[in-house]
Every structure is written in C-alpha cells, then in structure tokens.
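# An overview of the molecular structure
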Amino acid sequence: MPIKTIIEPFRIKSIEPIRRTTRDERQQILEAAHYNVFLIDSRDILIDLLTDSGTGAMSTEQWAALMRGDESYAGSPSFGRFRDSVQSVFGFKHVIPTHQGRAAERILFSTVCKPGDVVPNNSHFDTTRANIEFVGAEALDLPIPEAAEFSRPHPFKGNMDVTKLKDTIERLGKSRVPLVMLTVTNNAGGGQPVSLANIREVKAVCKHHDIPLYIDACRFAENAYFIKQREENYSNKTPREIAREIFSLADGCTMSAKKDGLANIGGFLCTNNDVLAQQERDLLILTEGFPTYGGLAGRDLDAIAVGLNEVLDEDYLHYRIVSTAYLGEHIAREGVPIVQPPGGHAIYIDARAFLPHIPPLEFPGVALAAELYLEGGIRSVEIGTLMFAKRDENGLEVEGPMDLLRLAVPRRVYTQSHIDYVVEVILEVWRRRESIRGLALTYQAPFLRHFTARFKRKHA
Ligand SMILES: Cc1ncc(COP(=O)(O)O)c(C=O)c1O
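These notes cover the structure that comes with them. (Residues numbered from 1 in each chain as written. Predicted model: local features only at pLDDT ≥ 70, side-chain atom pairs only at ≥ 80, totals over all residues. Heavy atoms only, no water.)

### A closer look at the overall build of the protein chain
Check the secondary structure of the protein chain and you find 16 helices and 16 strands. Computed over C-alpha atoms, the radius of gyration of the protein chain comes to 21 Å, within 12% of the 23 Å expected from 2.2 N^0.38 for 460 residues, which places it in the range of a compact globule. Per-residue burial over the protein chain gives 58% buried out of 460 residues. Accessible area for the protein chain stands at about 19400 Å²; split by element, carbon and sulfur atoms hold 52% of it. Put simply, the protein chain has 54 plus and 60 minus side-chain charges, and the middle of one group is 1 Å from the middle of the other. (Helix = DSSP H or I, 4+ residues; strand = E, 2+ residues; numbered from the N terminus. Rg over C-alpha atoms; globule rule 2.2 N^0.38 Å. Buried < 20%, exposed > 50% of the residue type's maximum accessible area, 1.4 Å probe, protein only. Areas by Shrake-Rupley, 256 points an atom, 1.4 Å probe, with all protein chains shown as cover. Lys, Arg positive; Asp, Glu negative; His and termini not counted. Charge placed at Lys NZ, Arg CZ, Asp CG, Glu CD.)

Spelled out as structure tokens, the structure:
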C-alpha cells in the first residue's frame, strides 16, 4: 500500500519558542487591545494565523544566500541574481524592486491612474483598493457569481466575470480603464484560484480594447499548483511552466515576495513597457530607493531570488495545499461553515453563518477573531464589514459584501500538531457560538481602519 500521510517536506534546524497564556490573561490582553487582534503583542499569541505574509520560515539555502548579499548602493550583484530569478519565472522585461507589494501598487497606480478612472479586478485586496482610491480612481470587483456561494465548491472560484468586464469597459470607454487586474490566488475572495482559461479570456477582452492586463502575483505558485491539479491539459506541466504561461498573458505584475517569494520582506513591480518603467523608476528613487535595491537590503534580494525557485518545488506545493485543506476539512466536517473548497494559503470561516445572531454592523468576523484568541491564543483576521468599510450615498456605514474570518497559514512554520490544536479550539468555540456577542466601534482611522480600530462589547 502506498503511504498516504503527507509530511512536512523539511527538518527543523532552529526553533522559536511560543508562549502559553491563561484564559484570564487573554481576557485582560483582549480588553487592553480593544478587541482588535492586530493590537495584541505577538508574544501573547500562541498560534499566529493573522497572515501568511512575511511570516514564513526561510530555508538553509535562503539563509546562506543572505550571507552572499552585497550591500552596494548601486549595481549590486544581489540585484542581478534577483532580477534573473524574477525574469526566469515571470518573463517581464523590467523588474523594479520594492520593499513590499503595496509599494509596487502605489507606484503603479500613481503612474497610470487618474481621478475618475476605474480598475476592474476579480477582487481587490485591501491595499490594492486603498492605493487605487488614494489616487481618486475606483477599485471595481468583478468576481464570478459562484464566488458568493461560500458553501458550494467550484474549482476556480477566483475567476473574473468576463461578461461584466466587457460591459464595464463598453459602458465606461477605454479611456477610463487604465488597466485590468487579476489577483492569483484571489485573497479577498477566499484564496481561490483563477484558471488559465479565465486568464486567457480576460486577456482577449483587454487586447480587444488595448488595455494592459496586470497580475497581482502574490500567490502565483499556489495558483499554478491548483491549475495543475484542476484544469484540463495541465496535469503534466510543472508549476514553473504553468506560471510562465500565466505571466506570458500579462503586460505586467505587482508582487509581494512576502508570500510566494518565501521571504520575510520584499516585492516588485514588472512591466514590458519601456516608457512606463522609466516613470516608475523615477518615482521609485523618490520614495523607495535606487532601482537596484528599491528599499530592500541586498541580502533580502538574494533571499527572494532563492525563494522564487523553492516555491515552485512540487513537493513543497503539494504539502502546502494539502496541509491547508487539512485544517478546512477537519472543521467543516463538524459543521463549521467555511468557504469551499479550501483556499491555498488560508481557510476562510463564514462568520455570518457561524454567528447568525450577530448583525454585520456588529462585526461577526471581529467578534469571532476575539473568541478564538480568548479560547486558545489563536490570532486570525476579519475580512468583512470592518475591512471593506462601505458607506451609502449619505455617508452611513453599510454591511460589507461578506463577513469572513481568515485563518492564514504561514509557510513552513507550523506542524500538523499545531494545526490539530487549532481545529480543537475552533470546535470548542463552535459549540458555544450562541453565547458570543457582537461589537461596537469606538475608534476608526480614515483609511485601512481594520489595523487600528477599537471596539467595545455589545451588551447581551
Ligand atoms: C492579494 C494581495 N495583494 C497585495 C498585497 C500587499 O502586499 P504587501 O503586504 O507586501 O504590501 C497582499 C498582502 O497581503 C495581498 O494578499
């Protein structure tokens, strides 16, 4: 019989202790953090599933690469290795390093967008949306309708609704749509993949209207692995070949190397357009740094150069996708409502369905995050009414399109027993869900309010 157990495809060479707290301590910590888990010190967290961004463990090869890092201000060989590694996977002519993904977004949108423009995407992530809105343009989400049916599986829920894209461009005219984006995998939509068939269709619409297509590439390798597993004619291709095909259809990309770059910091912006690249580099020098380091240390560039190759290893990707699904399957089979099928980097609990007695304007996702912390010291993040911060024409707060709780799994950090513990904690909270109360906002910032918002508990 073939052995079925999926093991972590690495040994642990260096360990980092994690600290247990008592329930009483956690209650006090939660109150001091105003029920916002972003405001809790990481030393008070046992299992941190806040984000998969920059939280991964580097390999021995990456640590060795750090020592090769050359810290020359201009023309560092670390940049050469970084650029070659990016080009070997992504294939774009210009590679502009940035300190993380949002810096690439800011440079891109402030170069190509003007007030009144509209940028369609399958779903914009929060920083993408904020950077587009910051330059006075609109960030428009066009997911396929199936993406809203959380409990119904679909192989490519991250796909864009191509009919809506066509209608949008025809209604607005090409002059108001400076670019179209596709986020792979679709983080805000549940970590769900986009199929190559969909990318090709979107590209055809863009080409017809002469509009550039950009990929938000943060989790490109996970998306490539899903394509290999689920899309016809791709099972014999390597993740690298699939990634090359994805990017061959695009005119540029933004990337946070903190995800599928397997690095703790870094990002980049790519384009094939010489004029645009020049304008972007000029802006880069103003705010990030010289074009051969872009806000990163030479050692970071080297770590990313290695990470981009390691992330495409099939053994790694298999373990990554299967171990994330393990968490989802073990809570779903006890009735916990999750976005189905499990995403690549995270499990998304449908907090509205988990806590139907808490109205969206009392932030069920935030309340559930607070409860998982209280129960077991686990940190997660709301993707819902708090994060989307929607208002009606009178400026009054309205509910977000969804209220999800994301449990993002850092890369190569936790073992199966950590995940078994997380399952146990979630199921305990599930059993006592009816006693959980909603929250009321006591402070919010004008942008990206979820990072610093404060709450008080609603009375029973
Ligand atoms: C899909 C997506 N795009 C962009 C970003 C922004 O990247 P960064 O956090 O490196 O600025 C993120 C980060 O979580 C993301 O998930």
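### Digging into the packing of helix 8 (residues 220-230) against helix 12 (residues 314-332)
Contact pair helix 8 / helix 12: the axes reach a minimum separation of 10 Å and the direction vectors enclose 85 degrees. The orientation of helix 8 with respect to helix 12, classified from their angle, is roughly perpendicular. On helix 12, the residues that touch Ala221, Glu222, Tyr225, Phe226, Lys228 and Gln229 of helix 8 are Glu314, Leu317, His318, Arg320 and Ile321. Among the residues making up the contact of helix 8 with helix 12, the classes are represented as five nonpolar, two polar and four charged. (Axes fitted to C-alpha atoms, helices over the stretch in contact; angles between N-to-C directions. Parallel < 35°, antiparallel > 145°, perpendicular 65-115°, else oblique. Contact = heavy atoms within 4.5 Å. Nonpolar A, V, L, I, M, F, W, Y, C, P; charged D, E, K, R; others polar.)

### A closer look at the sheet that holds strand 6 (residues 213-216)
Here we have five strands laid out as an open sheet, ordered 2-8-7-6-5, and mixed in their pairing. Strand pairing shows two members of the sheet lacking a second neighbour, strand 2 (94-98) and strand 5 (180-183), which therefore form its edges. Averaged over all adjacent pairs, the angle separating strand axes in this sheet is 15 degrees, with direction ignored. Note: strand 2 against strand 8 (residues 267-271), five bridges, orientation antiparallel. From the neighbouring strand, Val95 faces strand 8, where its bridge partner is Cys270. Its contacts with the sheet put helix 7 (residues 196-209) on strand 5 and strand 6, and the angle it makes with strand 5 is roughly 170 degrees. (Pairing = 2+ DSSP bridges.)

### Some thoughts on the site of the ligand
Contacts to the ligand come from 15 residues, most closely from Arg102, Asn187, Asp216, Ser256 and Lys259. Note that an oxygen atom of the ligand is positioned 2.7 Å from one of the side-chain N or O atoms of Ser256. Contact between the ligand and Lys259: an oxygen atom at 2.9 Å from a side-chain N or O atom of the residue. Ranked by the residues each element gives to the shell around the ligand, the list is headed by helix 4 (residues 101-112), at three residues. (Near = heavy atom within 4 Å. Polar contact = N/O pair within 3.5 Å; in protein donor to acceptor, adjacent residues only side chain to side chain.)

### Notes on helix 5 (residues 126-134)
Counting buried positions along helix 5 yields seven of nine residues, so the element is predominantly enclosed. Along helix 5, the residues that are buried comprise Asp126, Thr127, Thr128, Arg129, Ala130, Asn131 and Ile132. Considering only its buried residues, helix 5 is in contact with helix 4, strand 3 (118-121), strand 4 (138-141), strand 5, strand 6 and helix 15 (385-388). Once helix 5 ends, the next one or two residues include Gly136, with phi positive near 85 degrees.

### Some points on the pairing of strand 14 (residues 404-408)
Along strand 14, five of the five residues are buried, which leaves the element largely enclosed by surrounding structure. Alternating positions in strand 14 separate into two faces, Leu404, Arg406 and Ala408 on one and Leu405 and Leu407 on the other, with burial throughout. Pairing of strand 9 (residues 346-350) with strand 14 involves five bridges; the strand directions are antiparallel. Its bridge partner being in strand 14, Ile347 is matched across the sheet by Leu407. Here strand 11 (residues 381-383) pairs with strand 14 via three bridges, running antiparallel. In the strand pairing of strand 14, Val381 is matched with Arg406.

### Some details on the packing of helix 1 (residues 23-32) against helix 14 (residues 364-376)
Running from N to C, helix 1 and helix 14 cross one another at 150 degrees; their axes reach a closest spacing of 8 Å. Taken together, the axis directions place helix 1 and helix 14 in an arrangement best described as roughly antiparallel. Side by side, helix 1 and helix 14 meet where Arg23, Arg26, Gln27, Ile29 and Leu30 of the first sit next to Ala370, Tyr373, Leu374, Glu375 and Gly376 of the second. A per-class count over the contact of helix 1 with helix 14 returns five nonpolar, two polar and three charged.

### Focus: the layout of surface pockets
In this structure, the largest pocket occupies an estimated 1400 Å³ of space. When its volume is computed, the second largest pocket comes out at roughly 800 Å³. What lines the second largest pocket is a set of 32 residues, and nearest its centre among them are Arg129, Glu133, Phe388, Ala389 and Lys390. Those elements that place two or more of their residues in the lining of the second largest pocket are helix 5, strand 4, helix 15 and strand 12 (390-391). Per-class residue counts for the lining of the second largest pocket are 19 nonpolar, five polar and eight charged. (1 Å grid on protein atoms, 1.4 Å probe; cavity = no way out; pocket = protein on both sides within 12 Å on 5 of 7 lines; lining within 4 Å. Points joined across faces, edges and corners; volume = space filled by probe spheres on them.)

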